[in-house]
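# Residue-level structural notes
Chain by chain, the residues run as shown.
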Amino acid sequence: MSLTDSIEARARNVASQPLVVTNRRGGFLVGTAHSVRDIWAHRGLLYLLVRREIRSRYKNSTLGIVWSLARPLVQLGIYYFAIGHMLGARSSIPDFAIFVFIGITMWGLFADIVSGATTSLNANAGLVKKVYLPREIFPLSTAGSALFNFGVQLVVLLSAIAIWGSFAFDPRLLLAPLSVAVLLVFATALGVLFSAVNVYLRDTEHFVEIGLLLGFWFAPIVYSYSFVHKALDGNWIEQIFLSNPVTLAVIGMQRALWTGGSNQPWPPGLEFRLLVALLASVVLLWLTQRIFARLQGNFAQEM
Amino acid sequence: MTQLIAVHDVSKRFVLHKDKSLKERLVNFRTSRRHVDDFWALRDINLEIGLGTTVGLVGHNGSGKSTLLKVIGGILEPTTGTVARRGQLAALLELGAGFHPDLTGRENVYLNGSILGFSRAEIDRQFDAIVDFSGVESFIDTQVKFYSSGMYVRLAFAIAVHGDPDLLLVDEVLAVGDEPFQRKCMAKISQFQAEGRTIVLVSHSAEQVGSLCDRVVVLNAGQMIHDGSPSRGIQILREGYDAELRASHDDGAGHLDFAYEIVNVAPTTTIDDGRTRLVIDVDVDVNTPKVDWGLGLEVENTLGMALYQMTTFEHMTLPNSIGRHRVRIAVDDVPLGPGKYLFSVGVGSSNGENFDRRSPAGAFDIFGADHGNGVVRLTPQVSLVDAAAAAAD
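Residues numbered from 1 in each chain as written. Chains lettered and ligands numbered in written order. Predicted model: local features only at pLDDT ≥ 70, side-chain atom pairs only at ≥ 80, totals over all residues.

## A short note on the overall build of chain B
When its secondary structure is counted, chain B shows 9 helices and 16 strands. The proportion of buried residues among the 393 residues of chain B is 36%. Sequence-distant contacts, at least 24 apart, represent 70% of the contacts inside chain B between residues at least 6 apart. (Helix = DSSP H or I, 4+ residues; strand = E, 2+ residues; numbered from the N terminus. Buried ≥ 20, exposed ≤ 12 C-beta atoms within 10 Å, placed from the backbone. Contact = placed C-beta atoms within 7 Å.)

## Here we look at the overall build of chain A
Along chain A, the regular secondary structure elements total 15 helices and 1 strand. Dimensions along the principal axes, computed over C-alpha positions, put chain A at roughly 80 × 50 × 40 Å. A burial count over chain A gives 42% of its 303 residues as buried. Summarising the internal contacts of chain A: among those between residues at least 6 apart in sequence, 84% fall at separations of at least 24.

## Some remarks on the sheet that holds strand S15 (residues 339-348) of chain B
Residue and element names in this part refer to chain B. Reading across from one edge, S13-S12-S15-S16 is the order of the 4 strands in this open sheet, with antiparallel pairing throughout. Only two strands of the sheet have a single partner each, and these edge strands are strand S13 (306-311) and strand S16 (354-366). Each strand of the sheet is rotated relative to its neighbour by a mean of 15 degrees, with strand direction disregarded. As paired strands, strand S12 (residues 294-301) and S15 are joined by 8 bridges and run antiparallel to one another. (Pairing = 2+ DSSP bridges. Axes fitted to C-alpha atoms, helices over the stretch in contact; angles between N-to-C directions.)

## Describing the pairing of strand S10 (residues 260-272) of chain B
All names here are of chain B. As paired elements, S10 and strand S11 (residues 275-286) share 12 bridges and run antiparallel to each other. Across the sheet, the residue bridging to Tyr260 is Val286, located in S11. Here S10 folds back onto S11, and the loop between the two strands holds 2 residues, one of which, Asp273, carries a positive phi near 60 degrees.

## As for the packing of helix H13 (residues 245-257) of chain A against helix H14 (residues 270-295) of chain A
Residues and elements named next belong to chain A. Direction vectors running N to C along H13 and H14 enclose 135 degrees, while the axes themselves pass 10 Å from each other. Overall, the two elements H13 and H14 adopt an arrangement that is oblique. Both H13 and H14 take part in a crossing whose hand is left-handed. Where H13 approaches H14, its residues Pro245, Leu248, Ile251, Gly252 and Arg255 are matched on the opposing element by Leu270, Arg273, Leu274, Ala277 and Ser281. (Parallel < 35°, antiparallel > 145°, perpendicular 65-115°, else oblique. Left-handed = near helix turned anticlockwise from the far one by under 90°.)

## Brief notes about the confidence of the model for chain A
Confidence in the prediction of chain A, expressed as mean pLDDT, is 88, and 98% of residues score 70 or more. Element-level mean pLDDT values for chain A span from 78 in strand S1 (residues 20-21) of chain A up to 95 in helix H9 (residues 175-200) of chain A. (pLDDT = per-residue confidence, 0-100.)

## What to know about the interface of chain A and chain B
Of the residues lining the interface, 36 residues belong to chain A; the matching set on chain B comes to 40 residues. Of all the elements in the fold, those that place two or more residues in the side of chain A that touches chain B are helix H1 (3-16), S1, helix H3 (43-58), helix H7 (125-130) and helix H15 (299-302) of chain A. Broken down by class, the residue content of the side of chain A that touches chain B amounts to 17 nonpolar, 10 polar and 9 charged. Pairing of S1 of chain A with strand S4 (residues 80-85) of chain B involves 2 bridges; the strand directions are antiparallel. Residue Val21 of chain A lies in a different strand from S4 of chain B, and its bridge partner there is Ala84 of chain B. (Nonpolar A, V, L, I, M, F, W, Y, C, P; charged D, E, K, R; others polar.)

## Concerning the environment of Arg37 of chain A
All names here are of chain A. As for its placement among the helices and strands, Arg37 is situated in helix H2 (residues 28-41). The exposed category is assigned to Arg37, around which 11 C-beta atoms lie within 10 Å. Along the chain, Arg37 and Ser243 lie 206 residues apart, while their C-alpha atoms are 32 Å from each other.

## Here we look at the sheet that holds S10 of chain B
Residues and elements named next belong to chain B. Read from one edge to the other, the open sheet built from 3 strands follows the order S10-S11-S14, with strand pairing classed as antiparallel. Here the strands that pair on one side only, and so sit at the sheet edges, are S10 and strand S14 (323-331). Pairwise comparison of adjacent strand axes, ignoring direction, gives a mean angle of 15 degrees for this sheet. Across 9 bridges, S11 lies against S14 in antiparallel orientation. Each residue of the ladder has a partner; that of Leu278, found in S14, is Val331.

## A few points about H2 of chain A
Here H2 of chain A is 14 residues long and its end C-alpha atoms lie 20 Å apart, about the 20 Å a rise of 1.5 Å per residue gives. Burial of H2 of chain A is sparse: only 1 of the 14 residues sit out of reach of the surface. (Expected span 1.5 Å × (residues − 1).)

## A word on the confidence of the model for chain B
Averaged over all residues, the pLDDT of chain B is 83; the fraction at 70 or higher stands at 90%. Both scores are given for the predicted complex: the pTM is 0.77, the ipTM 0.77.

## Brief notes about H9 of chain A
Helical periodicity: at 3.6 residues per turn, an α-helix aligns residues three or four positions apart in one direction. When the terminal C-alpha atoms of H9 of chain A are compared, their 38 Å separation across 26 residues agrees well with the 38 Å that a helix rising 1.5 Å per residue should span. Counted residue by residue, H9 of chain A has 22 buried out of 26 residues, so it is predominantly covered.

## A word on the packing of H9 of chain A against H14 of chain A
Residue and element names in this part refer to chain A. Running from N to C, H9 and H14 cross one another at 20 degrees; their axes reach a closest spacing of 8 Å. When the axes of H9 and H14 are compared, the pair comes out roughly parallel. Handedness of the H9/H14 crossing: left-handed. Class assignment for the residues of the contact of H9 with H14 results in 19 nonpolar, 5 polar and 1 charged.

## Examining the pairing of S16 of chain B
Residue and element names in this part refer to chain B. Both S15 and S16 contribute to a ladder of 9 bridges, which runs antiparallel. Paired with Gly346 across the two strands is Arg357, which belongs to S16. Count of turn residues in the S15/S16 antiparallel hairpin: 5 residues, of which Gly352 carries a positive phi of about 100 degrees.

As C-alpha cells, this is what we get:
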C-alpha cells in the first residue's frame, strides 16, 4: 500500500467516525452506559494495572506472596489467644480459629478495597494529570488486587477447613460466592466514592482509616451472631445491625463454611437479606459512579 | 479536509483553594470565600483542526497553552463550551507518566502502551521496533528504577511514537535524549506528518514550531490572539515578549527606566550589481551607565530559525557616556538566498546582562538568485573535468 493510499484510508476511517463531544456527561442512564463502555474498552489496561499492583507490592521481597498471609495470620493468632483463650469466647464458639479466620478474610477484602481505593487516585496522580483514562479503573484496580489477596487467603482458609474441620456439601455453600459478591460490590461502591472525594478533601483517607478501625467491631468477626441475638433478641437495634452489608456478607460466609456452627442461631431469611443487600449495593455502586463521573472533571487540576 | 477536533467556545476557570484540609475549611468557614482565588485559564476558544495538519500552540508562561492541550486531550474538562473529537488519540504530555519503577522495561512497555491506548496485539507486534528505537535492548529486563534518566525517557518516547494515532498531542517533550536520538525523534515526527496524522504541539522553541508546524495558534492570557501562519505567529509571540519587557520597566508614569534603551532601529538595503548591502542604524540612549555596553544582532528566517549572531564586543568598545549614540552595522554583501529575513537587536553588557532588546527589530528582503535556491547564496563554478586526464596527472 503506497503512502497516499494509507493517507486516504486514514482519512476515510476518521471521516466514518462521528465527532464525539468529550465533555458531555449525558443523563443518568446514558452517562452510565457511556462510562461502562469506556471502562470495558480499557479492560486490558485494568488487568495490567492489577498485575502491576500485585507484582510491585512483593517485588524485591524474598518471601513475596507469603507476606499477604502474614497479616491475617498474625491477626488470627492475636484474636485466638486474646479473645478466644483469655476472654473465653472459645467455649461458646466451636472451631473458634476457623470462625475467626473466615471473618478476618472477609473483613480483609473489604478493608483492602476501601482503603486502597480511597488513596488510589492520589497514588496515580501522575497518570490522572497526564493521560486521559476512565479514572474509575484506578479504584477498580485496587479492588482487583485486593481480590487476588483474598484468593490467596481463601486457599489457606479452605485448606485449614479441609484439614481441621469439614465441609458441608449442601446448598449452603452457595452462600459463599453470594456473600463475596455482596462484599465486593459494596466495598467497590464505597471505594469509588471515597477515591473521588479524597481528591478534593485529603481528610477522607484518615476518616476512612478510623472508620475501618471502628467498622471491624460492628461486624461479627471475633464475636458470633449468637452473642448479638442473645443480647438484643431481634429488636430494632439488631435489625440495624443486620442491615449492614458487611455484617450480612460475613455471616453468610460463616454460614457456608463454618460447619462447626451449624447448630448456632442464624438470622432468619439470610439468603433473602443477602440478595437484597446485593441489589442495594449494585444501586449504590451505580450512584457513587455517577458522583464520581461528576467530580472527575476537575481531578487533574485539584491534584 | 476531514475535521478531527472541534473546540467550541471553550473557557476554563481554575479555582485555587488555599486551604485544603477539613480543619482549615472549618476554621476559615466564614472567610472561606476570601480563600478562593479563581482565574480564567482559557477564554472563548474556538478552534477547528483537520486531519493531516500540524498545529503549534505557543504563548508565554501561563498563557493557557498546556491547559488547552489538556482540554483537547480530555484530561481537563472545560468550564463552559464543548470539545468534540474523533479518531485514535495519543497524548505525550509527560514521558513515562505511567512507568512503575519496580517493573522491568518489558513490563512497562506493555503497561505504558496500554495506557496510551494500544491493544496488546499491537504492542506484541511493535515490541521489537520499540526496543530497537529506544536503544535499551540490553536493559529491557531490568527494573526501570535502575535506568539512567536518558534511557527512561528514550524508552517512554519510543513507546509513544509506535502506536497508530490519528492525533498526537505533544507537550514540550521533543527535546529528550542525546543528539542522535533527537534526530531520530524529529525523523519520526516528520514520518507522522507524511503519513497524514495530526499533531498538536506545545513548544517554547520558535525554531521547532517554525520548522514543524503549518499552523500556529498564539495564546495570551487565555485568549487566542493569532491563528494562522507560523511566521506571523512567531513574530507576534516575540513582540509580546518585548512588550512584556517594556511593561516591566515602566514606572507607571509612562516613563521607562532602562539603563540603556534602544530608541530607534533603521535598516536600509541597497542592491548593487546583484549584491545586497544591508545597513542597520541603531540609536541607543545611555541613561545610567553601567560597566560597559555593546550591541548584539541576530538574523533569522521567518520561521524562527537562527542564521547568524554577532555582538559589537568583538569589534569595538562603545562610548559609555550619557546621551544618544548611533551604532551602524553594515554588511556589504549579504550571502543569503532569496526570501524574507528578520533581525533582532539587543543591548547588553559583556558579562551577559541584558538591558533592552527588540525582536524582531525589522525585516529585509533578498531578491533574485542566479545560482540555485536555499537559505545561503553561493556562487558555484561548474566545469567539466576530464577524468582520464586527471588520473594521468
